[in-house]
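Fold and contact review
Read off the chains here:
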Amino acid sequence: MEDPPAKWNRSGYFGAQNIAHPLLVLSSTADPVTPLEHARAVAARYGRAKLVVQKSVGHSTFASAPSLCAVKHLRAYYANGTMPEDGVV
């Protein structure tokens with residue numbers, strides 16, 4: 001069965017350097033669906049965004065390999081907007 005055509009199509013650049021709240025991007029080192037290079041590209045497209053890299057295999061950082069370290073960064077972000085240092089692995 002063929003997928004129906006999209007009802008809308010977005011073309012152009014996705015990203016914004018001047019955003020009200022910085023984004024926190026989480027990615028694992030070996031995600032077969034959304035590779036780490038894509039997470040790095042997303043973080044680079046949004047001003048003040050930070051990337052937390054988890055050394056694990058699988059899709060969805062927390063579902064495939066829960067990490068107390070990654071959860072601490074996520075909790076700090078949600079609780080009070082604390083962003084991790086650059087290069088957190």
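An account of the accompanying structure is given in this report. (Residues numbered from 1 in each chain as written. Predicted model: local features only at pLDDT ≥ 70, side-chain atom pairs only at ≥ 80, totals over all residues. Heavy atoms only, no water.)

Further remarks concern the overall build of the chain. Broken down by element type, the chain carries three helices and two strands. Element order for the chain, N to C, with α for helix and β for strand: β-α-β-α-α. The globule rule puts the C-alpha radius of gyration for 89 residues at 12 Å, and the 15 Å found for the chain is more than 25% above it. Taking the principal axes of the C-alpha coordinates as reference, the chain spans close to 40 × 30 × 20 Å. Per-residue burial over the chain gives 29% buried out of 89 residues. (Helix = DSSP H or I, 4+ residues; strand = E, 2+ residues; numbered from the N terminus. Rg over C-alpha atoms; globule rule 2.2 N^0.38 Å. Buried < 20%, exposed > 50% of the residue type's maximum accessible area, 1.4 Å probe, protein only.)

This part is about unusual backbone geometry. Within the chain, arginine 48 stands out as a residue other than glycine whose phi angle is a positive 65°. Tracing the sequence through the fold places arginine 48 in the loop between helix 1 (36–45) and strand 2 (50–57).

Turning next to helix 1. Along an α-helix, residues three or four positions apart point the same way, because every turn accommodates 3.6 residues. Regarding helix 1, the residues found buried are Leu36, Ala39 and Ala43. The arc that holds the buried residues of helix 1, viewed along the axis, is 55°, so those residues lie on one side. Across helix 1 from its buried face, at more than 90 degrees, point the exposed residues Glu37 and Ala44. In the core, the buried residues of helix 1 are packed alongside strand 1 (24–30) and strand 2. (Arc of directions from axis to C-beta. Contact = heavy atoms within 4.5 Å.)

Sheet analysis places strand 1 next to strand 2, joined by six bridges and oriented parallel. Paired with alanine 30 across the two strands is valine 57, which belongs to strand 2. Crossover connection from strand 1 via helix 1 to parallel strand 2: handedness right-handed. (Pairing = 2+ DSSP bridges. Right-handed = clockwise from strand over helix to strand, strands pointing away.)

All right, on to the nonpolar core then. Counting seven residues, the largest nonpolar core consists of Val25, Leu36, Ala39, Ala43, Ala49, Leu51 and Val53. Secondary structure elements with two or more residues in this core: helix 1 and strand 2. The biggest single contributor to this core is helix 1, with three residues. Setting aside anything within four residues of it in sequence, one finds alanine 43 in contact with Val25, Ala49 and Leu51. (Core = buried A, V, L, I, M, F, W, Y, C linked by side-chain atoms within 4.5 Å.)

To continue, consider the pattern of salt bridges. As enumerated under the stated definition, the model contains one salt bridge in all. Note that lysine 50 and aspartate 86 form a salt bridge whose closest N and O atoms lie 2.5 Å from each other. Of this pair, lysine 50 sits in strand 2 while aspartate 86 sits in the segment after helix 3 (68–80); the two residues are 36 residues apart in sequence, bridging distant segments of the chain. Note on aspartate 86: relative accessible area 64%, which makes it exposed. (Salt bridge = Lys/Arg side-chain N within 4 Å of Asp/Glu carboxyl O.)

Right, let's talk about the environment of threonine 82 for a bit. Among the structural elements, threonine 82 can be located in the segment after helix 3. Threonine 82 gets classed as partly exposed once you look at its relative accessible area, which sits at 39%. Along the backbone, threonine 82 and alanine 20 are 62 residues apart, and their C-alpha atoms lie at a distance of 14 Å. Residues within four places of threonine 82 in sequence aside, it is in contact with Ala76 and Tyr77. Side-chain polar atoms of threonine 82 contact the side chain of asparagine 80, separated by 2.4 Å. (Polar contact = N/O pair within 3.5 Å; in protein donor to acceptor, adjacent residues only side chain to side chain.)

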